[in-house]
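The primary structure of each chain is shown beneath.
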Amino acid sequence: MQTLIVDHPLVAHKLTALRDARTDSPTFRRLADELVTLLAYEATRDVQVTDVTVDTPLAPAQGVRLARPVPLVVPILRAGLGMLDGMTRLLPTAEVGFLGMIRDESTLKAQTYATRLPEDLSGRQCYVLDPMLATGGTLAAAIEFLFGRGARDVTAICLLAAPEGIAYLDEAFRGGERPIRVVTAALDERLNENGYIVPGLGDAGDRLYGVV
Ligand SMILES: O=P(O)(O)OC[C@H]1O[C@H](OP(=O)(O)OP(=O)(O)O)[C@H](O)[C@@H]1O
Ligand SMILES: O=c1cc[nH]c(=O)[nH]1
Ligand SMILES: [Mg+2]
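Residues numbered from 1 in each chain as written. Chains lettered and ligands numbered in written order. Predicted model: local features only at pLDDT ≥ 70, side-chain atom pairs only at ≥ 80, totals over all residues. Heavy atoms only, no water.

Draft legend 1. Structural context of the UniProt feature "binding site: 5-phospho-alpha-D-ribose 1-diphosphate" (unreviewed entry) in the protein. The UniProt record marks Arg78, Arg103, Asp130, Pro131, Met132, Leu133, Ala134, Thr135, Gly136, Gly137, Thr138 and Asp203 with the feature "binding site: 5-phospho-alpha-D-ribose 1-diphosphate" (unreviewed entry), using the residue numbering of this structure. Along the polypeptide, Leu133 turns up in strand E9 (residues 132-133). According to the relative accessible area criterion, Leu133 is buried, its value standing at 2%. Each residue touching Leu133, except ones within four places of it in the same chain, is listed here: Leu139, Cys158, Leu160, Ala161, Ala162, Gly165, Ile166, Leu169, Val182 and Ile197. With respect to the element layout, Thr138 can be found in helix H4 (residues 137-148). (UniProt positions renumbered as here; feature names shortened; annotations may be inferred. Helix = DSSP H or I, 4+ residues; strand = E, 2+ residues; numbered from the N terminus. Buried < 20%, exposed > 50% of the residue type's maximum accessible area, 1.4 Å probe, protein only. Contact = heavy atoms within 4.5 Å.)

Draft legend 2. Seen up close, the environment of Asp51. Tracing the backbone through its elements, the reader meets Asp51 in strand E2 (residues 49-55). The class of Asp51 is exposed, set by a relative accessible area of 70%. Along the sequence, Asp51 and Gln62 sit 11 residues apart, while their C-alpha atoms lie 7.2 Å from each other. Residues in contact with Asp51, not counting those within four places in the same chain, are Gly63 and Val64.

Draft legend 3. Region of the structure containing the side chain of Thr44. Positionally, Thr44 belongs in the loop between helix H2 (25-43) and E2. At 2.7 Å, the side chain of Thr44 and the backbone oxygen of Ala40 are in polar contact. Excluding anything up to four places from it in sequence, Thr44 contacts Met87, Leu90, Leu91, Tyr127 and Arg181. (Polar contact = N/O pair within 3.5 Å; in protein donor to acceptor, adjacent residues only side chain to side chain.)

Draft legend 4. How the structure looks around the site of ligand 2. The local shell around ligand 2 consists of Arg103, Met132, Ala134, Gly195, Tyr196, Ile197, Gly202, Asp203 and Ala204. Ile197 is positioned with one of its backbone polar atoms (N or O) 2.8 Å from an oxygen atom of ligand 2. Burial of ligand 2 by the protein amounts to 88% of the accessible area it has alone, namely 240 Å². Looking at the shell around ligand 2 residue by residue, the class counts come to five nonpolar, two polar and two charged. (Near = heavy atom within 4 Å. Areas by Shrake-Rupley, 256 points an atom, 1.4 Å probe, with all protein chains shown as cover. Nonpolar A, V, L, I, M, F, W, Y, C, P; charged D, E, K, R; others polar.)

And the structure:
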């Protein structure tokens, strides 16, 4: 598994504001949206393209366009929805599938409550969106699901990651044939006793959409 921590002053600036407990929901949503677009620029570095020729007003020019099948973007509900617009702004022709997953707060195990994706993902590049990579259980289950439907590779875009979650994914998919990448704005210190990332930003879903 490949992990990329995007080292950029704009990313650091926006992430700092996002972490701040005084940041209200509307501002949190805007910052999450802006951060994703910056992370997506790096995350899509390996997106498949095909060569094309276009005619400029002066002469033919060699270029590329996104290859088919187009990438599939998969936000993990609920919190991942806050990253969808920022991603599709950069990849407007991508298709979007949905996974609804919730972590049981006492066992920290992920449960899937909704799936709405193409049955056949053969040859598809998938971009999973979830702001928080904590124990890694949610993301591991999402990646298993996508590979189970034939995805060619999976790139996860997370705003924050914990070392425990990265280690868990690395172990879970060690020796696998299909590539996995995690792109994040920061690798934090650790998880606390409740499985929350420290210093983190709290509960991403609650900060985006309110406490349920
Ligand atoms: O790495 P893990 O330990 O599995 O935890 C991370 C998951 O927990 C959060 O979702 P949550 O279960 O709070 O659901 P929500 O998005 O509906 O708030 C977060 O958005 C991830 O999906
Ligand atoms: O720190 C964390 C861990 C899991 N989910 C969150 O929203 N935040
Ligand atoms: Mg939550």
